[in-house]
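Chain by chain, the residues:
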Amino acid sequence: MKQNLSLKTVLLLVITFSSTVTFVSGISAGEDNVIYIGVLLPLSGSMGTPMADALELAVQQINEAGGIGGKPVSLVMRNTQTGDCMTYAKQLAKDPRIRVVIGPYTSDDLFATADIFMKNHKVLVSPTASSDEIFRAFSETGSVWRTISGDGDITSVIMQHIAAHDAESIALLTPDSSYGKTFYDWIPFWAIETGISVTGAEEFSQPEQIPAAIKELAADDPDYLIFVNSDDNSEIVSALDALEKLDYQGNIYLIYPGVDEKGRLTERLGTGSLLSGMISGKWKLQNESVSTTTLPDDTLILMSGPLEDAFSEEFEEISGEQPSGFVPQAYDAVLVASAIMARFTAYPDKSPKHAAESILLKVTGDSLPRTPEGFQTAFDRIKQGDAPIITGATGPLVFKPEGTDPEIPWYGTYTMERGMVIEDPILYRDLTKTAAIEEPEDSSGTPQPDDALYGDFWAVIGALSRDWANYRHQADALTVYQYVKDQGVPDDHIILLVYDDIPYDTRNKKPGEVYHTPEEMEVRTEAEPDYIGDTINKQMVHDVLLGTGGFKDNPLLLSDENATVLLYLSSHGAAGGELLVGKGEEQISPEDFSLIIEKMAEEKKFKRMLVVLESCFSGATVENVNTDNVILLTAASGNETSKSAIYDSNLAIWLSDEFTDELISTLEAADPRMPLHDLYQELYRNVRSSHPTLVRGNSSLNIPAKVFFGGTP
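Residues numbered from 1 in each chain as written. Predicted model: local features only at pLDDT ≥ 70, side-chain atom pairs only at ≥ 80, totals over all residues. Heavy atoms only, no water.

A.B. asks: Residue-level account of the overall build of the protein chain, with values.
C.D. replies: Check the secondary structure of the protein chain and you find 21 helices and 30 strands. For the protein chain, with 713 residues in total, the buried portion stands at 59%. (Helix = DSSP H or I, 4+ residues; strand = E, 2+ residues; numbered from the N terminus. Buried < 20%, exposed > 50% of the residue type's maximum accessible area, 1.4 Å probe, protein only.)

Now the structure itself:
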């Protein structure tokens, strides 16, 4: 095995003098006889140095056995710890030698750089970017892969672990960050699947906020308090101290804490201290320090999965320490990137993404061993057109049918017992939305096709948020508007409310246009908004729906007691069910919302009405509505968020929300007589990331769904 001196010397030079390095291990070869793979990661510091060691270990083992078809693998490394990620991304994207890039490090960086690489026909393999949004944005593109488990999958493991301990309730505290948001989004979703109630959820932006949030959440005595720390064990100490002062009878659940085998919290040294230690020769001894805080018994823990002894020994020989952080995922990323290059070099007339899809989505047979010889066998078979299963540090490298993510998440579940961290394995079940649909009453019978039953049709369609980041909300509303128009409803019976700032935003590369699917479904140019900009506020929504107020030059809802009315609103929603207006300066509370609906009934504005809400926690928004002849269809339950669906990497923005996208797709494909009950069932089954809800009051669900969108059965 190659000694580790060369890499440590290289890394020291990287930290001190440069942000780039090209590393070749093993075979000597000329420039034209090398297979290059780009690296866009932090390669120094407490997290970066172990990843750099893992990259070298994988390259060394591949090259020791002969490389890929006799050509050595060479890493063109860009150290984002000491340089700008975007600048380096553009360099690697324009480098004609490189077809696959390992990285970037964060999910935000991946979203920021993905379009650069995709336009230059490169494939990304990230070992670290774990946001579930990556799967939603890039699955089925063939251009983005990762060897780390997605956070959406990991949250399922957490809830299965808690359920295995017979818990009935949980509370959640997360940092107010993109990392924390994933848990805030997905823990309530999987709580529904596991039959566990959520007693509360809070976010913190400053560590000083932790004790107060802990006190608020513990007051409801959840069985487990899930605490997500932002890679800072001092936050865990603060949470444990706060719980100790309370009469809390439950337990805490920690995600990726830094602990030793006795449950003592550890602190990694920063980059400066690590560099000092490297220069002094004592850095291995000083890499971690143990705090005085020990986790209490019955604490549940989720950490990285256990590694085989052979890999740990190989890594320790090259690095001088045990694997930590993202070491196994970085190692596996080299294997995946090399496999893609093996196929690409055999079929250079195909694209790198075609190479990736052809070997990562069509694997067959038993997995080959994680040895240099096993790698060589795999690459030879790949060049011949086969798709063997390569074994990495985390196990067989098999991906979901949609691409992007590993098929099975890699994790380890543990518990504290008698002052020791012990393995606490759980039986993992398939990550699908499995909760049964709660069948509403009145679900049988034949829809009535008589148009006279439905009266005049009116629609109020609105997007209440503004600004470029909320592109999808306006695109959702415009798409619903376009669908209703296509049913033959005249504009004087549709009231459209959109801020209309998206078409003219300086970031819009197609001024005046708004898309619901990339390049295909333009929904703005033929729309006729009735209210735009600052005219959209809480009072305006109230007045339009009740047909009152000072909007003499703009239309109001002038429906009567025989009318069928559609109310569709898209915006952000708060945890209590508040519907946000604008940037959140105003909120329509569940109480406000129920009063508006009740007043509409008193004013005889409809014979029947369908309310469709596209927002987070929308199930809570409608929980107070009990007005006769009103059916309420929401994108999410009262405890969970609604998720975005279609990402445009060219615009770097989400174009739609999953629920509305599925709603329109289902309506377009449906038989005209499909009852509303069946529409709901289709939405519930096919919306992957939330649990749509349907509240019918005393209304029939056998009315054809399209009647509520301006169509005729």
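From this point, the discussion proceeds with the structure in view.
A.B. asks: I'd love a proper account of the confidence of the model for the protein chain, names of residues and values included.
C.D. replies: When the pLDDT values of the protein chain are averaged, the result is 88; 88% of them are 70 or greater. Contacts of residues 268–288 to residues separated by more than four positions or lying in other chains number 34 contacts, the stretch itself having pLDDT below 50. Overall, residues 443–452 carries pLDDT values under 50, and its contacts beyond four positions in sequence, including any with other chains, amount to 19 contacts. (pLDDT = per-residue confidence, 0-100. Contact = heavy atoms within 4.5 Å.)

A.B. asks: Could you give me a rundown of the packing of helix 6 (residues 151–163) against helix 7 (residues 178–194), with the residues and numbers involved?
C.D. replies: Viewed as axis vectors pointing N to C, helix 6 and helix 7 meet at an angle of 50 degrees, and their least axial separation amounts to 8 Å. Taken as axis vectors, helix 6 and helix 7 run oblique relative to one another. Along this stretch, helix 6 crosses helix 7, giving a crossing that reads as right-handed. Taking contact as the criterion, the partners of D151, G152, T155, S156, I158, M159, Q160 and A163 in helix 6 are, on helix 7, Y179, T182, F183, W186, I187, W190, A191 and T194. (Axes fitted to C-alpha atoms, helices over the stretch in contact; angles between N-to-C directions. Parallel < 35°, antiparallel > 145°, perpendicular 65-115°, else oblique. Left-handed = near helix turned anticlockwise from the far one by under 90°.)

A.B. asks: I'd like a rundown of the pattern of salt bridges, residues and numbers included.
C.D. replies: Taken as a whole and assessed by the stated rule, the structure comprises 22 salt bridges. Here D491 ties to K485 by a salt bridge, and the two come within 3.0 Å at their closest N and O atoms. Exposure remark for D491: the relative accessible area of 19% places this residue in the buried category. By relative accessible area, K485 is classed as partly exposed at 24%. A salt bridge links D505 to R507, with the nearest nitrogen and oxygen atoms 2.9 Å apart. Judged by relative accessible area, D505 falls into the buried class, the value being 16%. Classification of R507 as partly exposed rests on a relative accessible area of 48%. When salt bridges with common partners are traced through the structure, they connect D132, E133, R136 and R688 into a single cluster. (Salt bridge = Lys/Arg side-chain N within 4 Å of Asp/Glu carboxyl O.)

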